Amino acid sequence: MKRTTISMLITSLILFCTGLLLTVGTLIYTTAAGVDIYPGQSNDNANIRDFTKTFEDLGFDGTEAIKKINVNSLVGSVEIASTDQDSRIVFKGTDLNNTECKFEQNTITVRDINPVGFAGFEISEKGFSFNGLRQLFKGSSGASNSRVITVYINPNDFKGIINVSSVYGHVKAEGISCSECYIECSAGNVSVTKSIFNSILNIQGSTGNVYLRENSYLQSTVNVTVGNVYALVEDQKTNLQTTVGSIFILTELDKTQYQVRLSNTMGKIRPFDMDNSKNEVSIYSEGSNSIWAKTLIGDITVNQFDKEKYPQNDYSFNGDLIIFAE
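Residue indices begin from 1 for each chain and proceed along its sequence in written order. Restriction of local features to residues with pLDDT of at least 70 applies here, the model being predicted, together with a cutoff of 80 or more for giving and counting side-chain atom pairs; totals for whole chains, interfaces and linings are based on all residues. Side-chain metrics in this entry use all non-hydrogen atoms of the structure; hydrogen atoms and water are not considered.

## Quick notes on the overall build of the chain
Turning to step 1, where the next piece is worked out: A tally of regular secondary structure across the chain gives two helices and 25 strands.
Turning to step 2, where the next piece is worked out: Buried means the residue's accessible area, taken with a 1.4 Å probe over protein chains only, is under 20% of the maximum for its type, while exposed means over 50%, and partly exposed covers the values in between. A buried classification covers 41% of the 326 residues belonging to the chain.
Turning to step 3, where the next piece is worked out: Two residues form a contact once any of their heavy atoms are found within 4.5 Å. Within the chain, contacts between residues at least 6 apart in sequence are counted, and of these 52% link residues at least 24 apart. Put simply, DSSP marks the helices as runs of H or I at least four residues long and the strands as runs of E at least two long, and each gets a number from the N terminus on.

## A closer look at the sheet that holds strand β18 (residues 229-233)
Turning to step 1, where the next piece is worked out: At least two bridges found by DSSP between two strands is the condition for calling them paired. Spatially, eleven strands are ordered β1-β4-β10-β3-β12-β14-β16-β18-β20-β25-β22 in an open sheet, and the strand pairing comes out mixed. Edge strands, defined here as strands with exactly one partner in the open sheet, are β1 (48-54) and β22 (269-271). Across the sheet, the mean angle from the axis of one strand to that of its neighbour is 10°, orientation sign disregarded. Every axis in this analysis is a line fitted to C-alpha atoms, fitted for helices over the stretch in contact. Angles between the N-to-C directions lie between 0 and 180 degrees.

## Some remarks on the sheet that holds strand β5 (residues 99-104)
Paired through backbone hydrogen bonds, the strands of a sheet run either parallel or antiparallel to each other.
Turning to step 1, where the next piece is worked out: Strand order across the open sheet formed by eleven strands is β5-β6-β2-β11-β13-β15-β17-β19-β24-β21-β23, with mixed pairing between neighbours. The sheet is open, and its two edges are formed by β5 and β23 (280-283), each paired on a single side. Pairwise comparison of adjacent strand axes, ignoring direction, gives a mean angle of 5° for this sheet.
Turning to step 2, where the next piece is worked out: With nine bridges joining them, strand β13 (residues 177-187) and strand β15 (residues 196-207) adopt parallel strand pairing. Note on β15: the bridge partner recorded for S177 is I196.

## Things to note about the nonpolar core
Side chains of a nonpolar character, in soluble globular proteins, are inclined to be buried together.
Turning to step 1, where the next piece is worked out: Here, nonpolar core means buried Ala, Val, Leu, Ile, Met, Phe, Trp, Tyr and Cys residues that are tied together by side-chain atoms lying within 4.5 Å of each other. Core analysis: the largest hydrophobic core is formed by 54 residues, its most contacted members being I80, I89, I162, V192, I203 and L212.
Turning to step 2, where the next piece is worked out: The greatest single-element share of this core, amounting to four residues, is contributed by β13.
Turning to step 3, where the next piece is worked out: The contact partners of I80, leaving out residues within four places of it in the chain, are V71, V151, I153, I162, V164, K172, A173, E174 and I176.

## Quick look at the environment of R270
Turning to step 1, where the next piece is worked out: Looking at the element boundaries, R270 is found in strand β22.
Turning to step 2, where the next piece is worked out: For R270, a relative accessible area of 35% translates into the label partly exposed.
Turning to step 3, where the next piece is worked out: Leaving out residues up to four positions away in the same chain, R270 has contacts with D299, I300, T301 and V302.
Turning to step 4, where the next piece is worked out: Any pair of nitrogen or oxygen atoms within 3.5 Å is treated as a polar contact; in protein, a donor-acceptor pairing is required on top of that, and neighbouring residues in sequence qualify only through side-chain atoms on both sides. There is a polar contact of 3.2 Å between the side chain of R270 and the side chain of T301.

## With respect to the pattern of salt bridges
Turning to step 1, where the next piece is worked out: Salt bridge, as used here, is a side-chain nitrogen of Lys or Arg placed within 4 Å of a carboxyl oxygen of Asp or Glu. Taken as a whole and assessed by the stated rule, the structure comprises seven salt bridges.
Turning to step 2, where the next piece is worked out: One salt bridge in this structure joins K102 and E100, with 3.8 Å as the shortest N-O distance.
Turning to step 3, where the next piece is worked out: Through salt bridges with shared partners, one network takes in E100, K102, E104 and R111.

## Observations regarding the pairing of strand β2 (residues 66-75)
Turning to step 1, where the next piece is worked out: Of the pairings in the sheet, the one linking β2 to strand β11 (residues 158-168) comprises eight bridges and is parallel in character. Note that in β11 the partner of N70 across the bridge is N163.
Turning to step 2, where the next piece is worked out: Bridging between β2 and strand β6 (residues 107-112) involves five bridges; their strand directions are parallel. Bridge pairing in β6 links N72 to R111.

## Regarding unusual backbone geometry
Turning to step 1, where the next piece is worked out: Residues other than glycine seldom take positive phi values, yet Q105 does so here, at roughly 50°.
Turning to step 2, where the next piece is worked out: Here Q105 is to be found in the loop between β5 and β6.
Turning to step 3, where the next piece is worked out: The exposure class of Q105 is exposed, given its relative accessible area of 75%.
Turning to step 4, where the next piece is worked out: A positive phi is found at K194, a non-glycine position, where the angle reads about 50°.

Rendered as C-alpha cells:
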C-alpha cells in the first residue's frame, strides 16, 4: 500500500474519531440542557404494528390465477412458507402507511413505498443516505430490526413465479412449491429448504451466506459477492459462485452420478476426500447431474453425505457444516 494511501486512511480515521467524540460530548451537554437535537424528525403518521392481509383481502377470489408473487423489502427479513390454511401475508413491526400490498394483473405485490430509516441511515429504491453522526444515538426512525414480512402460500392458490428482493435483511423460504423462484438479497443471509421448484431457483447476493437443503429443482444458480455457500445437492444441476467466501457441498448420490467442475484462485479444493493441490478440478462421469462451484478467494469442499454415520440427517446450516468441521 502506498504511503499517501496510508496517510489518507489515518487522517480519515482521526477525523471520524474526532467527530464521534464531539458528537458524544454534544449529546451529553444537550441532554443535560434539555435541548432537542432531532427537531422535526418525528413521523407522526407512522403506524408501526403487527397486522395480517389475506389474499382475499387484496381482491383474490380464486377466479383469476395468481401467476406471480413479488416481495420488495428495504429493511427487515422476508419469509416465504407453505400453509394448508388461507394464503396470507403477516407483517411484524411494519409501518402500515409505508407498505403497499395489492393483487393486480394476476400478481400479488408487497413493497415498501417510501424510504425506510434506522439509526440515521435511510434506504430507498434510489440508494442509501445518512443524516449525521448524531443519528447513531437515536435508534430507529422507521422500521425496526425485528421487522418481518411472512408470506404464507396455500399450494391450491399458487404455483407460479416468486420474486423476492431484500436490501437489508435475511430471506428464508421453506416448504414452498412453485415453478420458479428468484431471490436478490443485498445484505443478509438466504436460506432455502425443503422446497420444490419445477424449473429454476436463482439466488443473487451481495453480502451474506446462502444455505440450500433438501430442495428439488431442475437448475439452481447461486451468485454471491462476499459470503459462504452451503448446499446439500441431490439429482440436479447446481451452479454455485462466490467472489470472497468458501463453498461447502454435500451430495446425496455417489460422485459417479455427477459431472463436477471446481475452481478457485486462492484457497484449497477438497473433492470427495481426494488428494488435490490444484486450483481447478474436473470429475467426469456418466451421470446427468452437475455441480459447478467457483470462488475467487476461498475453499471448496465436496463430500458425499454419509447416511450411515448421520442416520438422523444430523447436519447443521447454522454455522459451518458439522461434517466438514470434523
